[in-house]
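Here's the letter readout for the chains.
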Amino acid sequence: GVALADIGDDIQVRSTSHSNGNLIIHPKDNLQHRYVLVRTHNLYNPSHPSIEIVGWTFGKEAKQKKFWKEPQPNRGCYLFPSSQLKSFVTMLWVI
């Protein structure tokens, strides 16, 4: 089935601990939802953990053939470049 939103009606949060990680979108993910990429840093160092909100995009923008990758056999996904994400501040204006 289709996943419910993490926040509100249409916001999905995806995280990575990779310092240059990109946004992963799965084939069954909703085209109309908004996807936010969050990078976690130093989670195992209790004195300096941090979370970086990298940006966001709509599913329909990320689910393009040019972003399709298959890092593992039969585990394909869309890897949307973090450099193409919109500023998180702009998401506040999209209702």
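Scope of this entry: the structure provided in the associated data block. Within any chain, residue numbers begin from 1 and follow the written order of that chain's sequence. Where local features are concerned, this predicted model is filtered to residues with pLDDT of at least 70; where side-chain atom pairs are given and counted, the filter is 80 or more; whole-chain, interface and lining totals use all residues. Computation of side-chain values covers all heavy atoms of the structure but excludes hydrogens and water.

The topology assignment puts arginine 39 in strand 3 (residues 34-41). Three exposure classes are used, based on accessible area relative to the maximum for each residue type with a 1.4 Å probe and protein chains only: buried under 20%, partly exposed in between, and exposed over 50%. We classify arginine 39 as buried; its relative accessible area is 8%. Here a polar contact is recorded for every N or O atom pair within 3.5 Å, except that within protein the pair must consist of a potential hydrogen donor and a potential acceptor, and residues adjacent in sequence are included only if both atoms are side-chain atoms. A distance of 2.9 Å separates the side chain of arginine 39 from the backbone oxygen of glycine 21, its partner in a polar contact. Under the scheme used here, helices are H or I runs from DSSP no shorter than 4 residues and strands are E runs no shorter than 2 residues, and both carry numbers assigned from the N terminus.

This part takes up the sheet that holds strand 3. Note on pairing: DSSP must find at least two bridges between two strands before they are called paired. Pairing is mixed in the open sheet, where three strands are placed in the order 1-3-4. Two strands bound the open sheet, and with one partner strand each, they are strand 1 (11-16) and strand 4 (50-58). With strand direction ignored, the average angle separating the axes of adjacent strands in the sheet is 25°. Each axis is a line fitted through C-alpha atoms, and for a helix only the stretch in contact is used; angles between axes span 0 to 180 degrees, taken between their N-to-C directions.

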